[in-house]
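Per-entry structural report
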Amino acid sequence: MGLENTGEGAIRDLLTRQFPGEEFHLMNNLTLPCSDGTTQIDHVLLSRYGVFVIETKHYTGWIFANADSAKWTQVIYQVRNQFQNPIRQNFKHVQVVRRLLDFVPNEHIHSLVVFTGDAEFKTPKPDGVFSPLGLVSHLHGFAEEVLTVDQLHTAVGRLECARRLISGKTDTEHQPESVSPGARMLGLVCFVGSCPFNLTAWEMTSPNSMALDRRNRELVGDLFGLACNCPTPQPRGQAIFMDP
């Protein structure tokens, strides 16, 4: 896992407890490619009920906030410090996720900001900004299924592939390991032609010597075929397993 602050760790633990099971997939400290390099997202909660891009701020003192301002202000004992408007900050994160998950309607990819610590808002709290308990309550309010199981798996696969390109590792909660420990990372491998995301793929040391159950094969298929968004995506489970 990459570096996380106290607030990010608290929200990770909270979401893990509150949203267990196979219908939820929590990804933390997610570094993804964007037009000007990379961007780091604190949490993405993927579910049948939507995709939630979450920015966590851990602050004390008084907070003065305006949704339309470029900067917000923190005051501690009359010392004023400005910080980037986290709503604007998370807007970029949402745009990156929407580009990668282009099959998910924009209205089902949500931007949420959560403040941990004992900070107190001295101005009205902007829409989309929550306390930890408020965040949980808000998420539980999404009861309509808007993604199929296959779409959910595909969304997880696409974000994992894009992340692997940057970091070479994963931090997915509620998701079994996609491949057995004997797998190792290669550079570029795609099914057909070039992959627009230049995604990384898995090479199995030997398809015959490794016990891959059906679920693992399906997950690997997600990462290769559906996730890569290549010109001719392969059906799930049709990943290429190459001998070294």
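Look above for the structure.
A short tour of the structure in this document, coming up. Every chain's residues receive numbers from 1 upward, in the order its sequence appears when written. Given that the model is predicted, a residue must reach a pLDDT of at least 70 before its local features are reported, and side-chain atom pairs must reach 80 or more before they are shown or counted; all residues, however, enter totals for whole chains, interfaces and linings. Side-chain metrics in this entry use all non-hydrogen atoms of the structure; hydrogen atoms and water are not considered.

**Some points on the pairing of strand β5 (residues 71–76)**
- Inspection of the sheet shows strand β4 (residues 62–64) paired to β5 by three bridges, in the antiparallel sense. The residue of β5 that forms the bridge with Phe 64 is Thr 73.
- Hairpin connection, β4 to β5: the antiparallel pair is bridged by six residues.
- One requirement defines pairing of two strands: DSSP has to find at least two bridges between them. Numbering of helices and strands runs from the N terminus; a helix is a DSSP stretch of H or I covering at least four residues, while a strand is a stretch of E covering at least two. Sheet analysis places β5 next to strand β6 (residues 79–84), joined by six bridges and oriented antiparallel. Bridging from a neighbouring strand, Lys 71 pairs with Gln 84 of β6.
- Counting the residues that bridge the hairpin from β5 to β6 gives two residues, and of these Tyr 77 lies at a positive phi of roughly 50°.

**What about unusual backbone geometry?**
- For Tyr 77, which is not glycine, the phi dihedral falls at a positive 50°.
- In this structure, Gln 78 is a non-glycine residue whose phi angle is positive, near 70°.
- Examined against the element boundaries, Gln 78 turns out to sit in the loop between β5 and β6.

**Points about the packing of helix α1 (residues 6–18) against helix α3 (residues 132–140)**
- Packing of α1 against α3 brings their axes to within 11 Å, and their N-to-C directions diverge by 35°. Classified by chirality, the crossing of α3 by α1 is right-handed. Residue-level contacts link Ile 11, Leu 14, Leu 15 and Gln 18 of α1 to Pro 132, Leu 135, Val 136, Leu 139 and His 140 of α3.
- Looking at the contact of α1 with α3 residue by residue, the class counts come to seven nonpolar, two polar and no charged. Axis lines are fitted through C-alpha atoms, for helices just across the contact stretch, and the angle between N-to-C directions can take any value from 0 to 180 degrees. For any helix crossing, the convention is left-handed if the near helix is rotated counterclockwise from the far helix by under a right angle, and right-handed if that rotation is clockwise. We call two residues contacting when some pair of their heavy atoms lies within 4.5 Å. Polar here means any residue other than Ala, Val, Leu, Ile, Met, Phe, Trp, Tyr, Cys and Pro, which are nonpolar, and Asp, Glu, Lys and Arg, which are charged; Gly is therefore polar.

**With respect to the sheet that holds β6**
- Taking strand neighbours across the sheet as the criterion, the four strands line up as β6-β5-β4-β8 in an open arrangement whose pairing is mixed. Because the sheet does not close on itself, it has two edges, and the strands there are β6 and β8 (120–121).
- Note that β4 and β8 share two bridges and pair parallel. Bridging across to β8, Trp 62 finds its partner in Glu 120.

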